[in-house]
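As a plain string of letters, each chain reads:
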Amino acid sequence: MEQVFTLSFLTGLLAAMMRMATPIIFGTLGEILAERSGVLNLGIEGIMLMGAMTGFLTTLSTGSLWLGVAAAALTGVILSLLMALLAVWLGLSQHVSGIGITLFSTGLAMFIYRLAVGSPTNPPTVQPFTRAAIPRLSSIPVVGEAFFTQYSLVYIAFLLIPAVWILLYRTSWGLSIRTVGENPFAADTVGINVNLVRTLCLAAGGALMGIGGAFLTLAHQNMFLIDVVGGRGWISVAMVIFGNWDPVRGAAGALIFGFLDALQLRLQGLGFNVPFHLFLIIPYLMTLIALVTMSRNASAPAGLLKPYRREEKG
Amino acid sequence: MRLTLAKRAPLPGWIQVLVPVGAILVTLALSAIPILAAGGDIRLSYASLFRGALGTRYNFLETCVKAAPLTFTGLAAAFAFRAKFWNIGGEGQLLAGAIAAAWTGIHIGSLPPAAAISLVCIAGFLAGGAWAAIPAILKTKYKVDDVVTSLLLNYVMWHIMGYLLFGPLQMPGSSWPRSPAIAEAARFPVLLVRSRFHLGIVLAAAAVLIVWFINSKTVFGYRAKAVGVNPRAAAFGGINVNSVILKTALISGGLAGMAGVGEAAAIHFHLLMDISPGFGYSGIAVAMLGRLHPLGTALSAFFFSVILVGAQSMSRITGVPTYIAEVIQGMSLLVMLVALLLTEYRIKAVRN
C-alpha cells in the first residue's frame, strides 16, 4: 500500500491521466462543435477508429508521424462530410445516420487495415511520438513531469479547450454556430446558411475526432488493434452531455475519466487485485446521473436532432 | 439552379416492399468497390459468397444459426423503433441476457431439460428486459434522451460482465475471463443431425410470429404504433404513453436478451467476453432494412447472416478480408436510409 502514497506514483498517475484523457478531449471537442450547430454525430466511434487506422498506416508507410495525424484529420473530415450529406442535406435521422456511419467505418477500418498489412503473426508497429519537455516548466517537481513532459498532441488537445471555448463564445462565427444550433429558422432569417454552417462544424469536429483516434495508434500505443478505440467515441458523446455542451466542462469530464482509467491501470500494475471493470463503470454512471439531474434545466441546443428544411417551418 | 427535396405522393404498396430489395442490390453494387480494391474478381467473389452461405446443406444451416441472434436483436430494435423508443442498447441487453442465462445454466443443478431450458430463457428475457427498462424509465420520468442512455448502458453491461468473468463467475482455477460450463440440461438441443441447427432458431422464428401478432392483432400493438406516429395525439386519445413505452422496452430488451441466451446456451456453453461480435448493433441495421416489420426483419437478418457466413468462404477463395461483411452491413444501413427517403421525397430541380 505504501507504494501508492509516493510522489513518483502521483506523478505517474497524473501523467497517465493526461494521456488517457487526450483522445476523449479531442472526441468531446469535436462532438461539441457538431452538436452546438445542431447535429448529433454518432458516427464518432467509427470516425475515431478510421482516424486511428489511417493515421497508423500513413505513418507506417511514410515514416512521418505528423503526416499520419494529418491523414487522420482528413479521414475525419471526409466521413463527417458523408454524415453531413445524410443528416444535414438529406435531413435523415441523425441517430440512424450516425449509427450507420459508425457501423460502416468500423467495418471499413478493419477491412483496409487487413488489406494493407495482411495477417502477420506480429502486428506491425511504428516508432511513436516521443514526449517533448517544455523548457523551464518541466523542471517543476511533480507538475513538471506530469503536465509539461507530454506528447505534443496532449498539449494541442489542452490548448484546443480554450480555443473552442473562445470560438463558440467570443467570435461572430461562434454566435452563428450557436444560433444555427438553437434556432435554425432565426439563423436563416438573418442570412446564415444553416446547412453550410452545420457541414463546416461537422467537418471541423470530424478532424478532431480523427486526430483523437490517431493519438491512440501513434502516441498512446504504437500499433493498430481492432478495439483500439474501445468505446472512447461513445464516452465523448457522454462527456458532451456531462459537460452541458461546454468545452471546458466537457474536458473536465474527460479528465475525470482519464484519472479513473489511469488509476485502475496503475493499481493493476502494482499488482493490486482491483475490480478494474467496476472502476470503468464510474464515468458512465456519472454521466447517467448528470443526465437525470440536468434534465430539468438541460441546455442541449434546441435545434439538435432536427433537420432543417426551410419549407417545413413548424 | 439547385436541387431540393419535395414530398411525393404515396407510392403503391408493391414499391414499398421492393425498396429493401433495391437497397440490397445497390449495396452489393457499391460493395464491388472494396472487393475490387482488394483484388477480388467480382463474379467469383459474389459467387463464392452466396455458395459459401447457401451452397451446401451444412452452410445453409450455419447461415440459419447466425441468423437467429440477428433476428432477435433485429426484432428488438424494430419493436422499439416502431414506438419511437430509440433502443440502441441491444448489445447491452444481449449481454444481460447471456449473463443471466449463463448464471442460471451453471447453477441449475439437475432439472429435466424442458424445465432447465425454460428457466434459462426466462432469466435471459427478464434480464434483457430489465436492462432496457432503465432507459425507458429515464426517458419517461426524467425526459432523458433514450439513444444516449441505452448506448451508454451497453458499456456498463460490458464492464459488469468483465467484472463477473474476472471475479464471481470466473471458472475456478482458470486465469481466462471465462465462466464454468452451462449444465447439459440447460443447453439448447441440436435439432438436425450433422449441423448446429438448434432450438434457438425455432425460438427466433416463433418470436417473429409473436411480434407480428402483437403488432397487428392486439390493442397494445395498435397503441405502440400510435405512440410511434405521434405521442401527443396518442396521449390525447387516451393512451398512457409512458406505460406503452415501458412495456415496449421490456419486450424489446427481452428479445435482445434472447439473442444472448442463444449464444450462451446453444453456441458457446460458457460466458465469454467476446460472446457477441456486435449482434446488438447489427440489429439496428437489420431492423431498418426490414422496415421495422417482423417478417421483413427476419428476412433481413437472414440476408445479413448470408453476408457474414458467405464472407468467410469468399475470403478463403479470393483473399478479400472477411471484414467485407461489416462493410456491407454498414453500407446497407446507409443505402436503406437514403432509399427510404426517396420513397417519401423526390429530388426536384429548382431554378433560382
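Nothing here was measured: the structure is a model prediction, and the numbers come from that model.

Draft legend 1. Up close: the overall build of chain A. Helices and strands together make up the secondary structure of chain A, namely 12 helices and two strands. Secondary structure elements of chain A, listed N to C terminal, follow the sequence α-α-α-α-β-α-β-α-α-α-α-α-α-α. Computed over C-alpha atoms, the radius of gyration of chain A comes to 20 Å, within 12% of the 20 Å expected from 2.2 N^0.38 for 314 residues, which places it in the range of a compact globule. The C-alpha extent of chain A, read off along each of the three principal axes, is 65 × 45 × 40 Å. Split into buried and exposed, the 314 residues of chain A put 52% on the buried side.

Draft legend 2. Region of the structure containing the pairing of strand β2 (residues 345-350) of chain B. Residues and elements named next belong to chain B. Across the six residues that make up β2, only a small minority, zero, are buried. In the sheet, strand β1 (residues 2-7) pairs with β2 via six bridges, with the strands oriented antiparallel. Paired with Leu-5 across the two strands is Ile-347, which belongs to β2.

Draft legend 3. Representation of unusual backbone geometry in the model. Despite not being glycine, Arg194(B) shows a phi value in the positive range, around 50°. You can see Arg194(B) is positioned in the loop between α6 (146-165) and α7 (199-217).

Draft legend 4. Expanded view of the interface of chain B and chain A. Listed as interface residues are 37 residues of chain B and, on the opposing side, 33 residues of chain A. Those elements that place two or more of their residues in the side of chain B that touches chain A are α5 (113-142), α6, α11 (279-289) and α13 (324-344) of chain B. Here the element with the most residues in the side of chain B that touches chain A is α13(B); it accounts for 11 residues. Looking at side-chain class alone, the side of chain B that touches chain A contains 29 nonpolar, six polar and two charged residues.

Reading guide: rules and limits
- Residues numbered from 1 in each chain as written.
- Chains lettered and ligands numbered in written order.
- Predicted model: local features only at pLDDT ≥ 70, side-chain atom pairs only at ≥ 80, totals over all residues.
- Helix = DSSP H or I, 4+ residues; strand = E, 2+ residues; numbered from the N terminus.
- Rg over C-alpha atoms; globule rule 2.2 N^0.38 Å.
- Buried ≥ 20, exposed ≤ 12 C-beta atoms within 10 Å, placed from the backbone.
- Pairing = 2+ DSSP bridges.
- Contact = placed C-beta atoms within 7 Å.
- Nonpolar A, V, L, I, M, F, W, Y, C, P; charged D, E, K, R; others polar.

What is shown is where atoms sit, not what they do.
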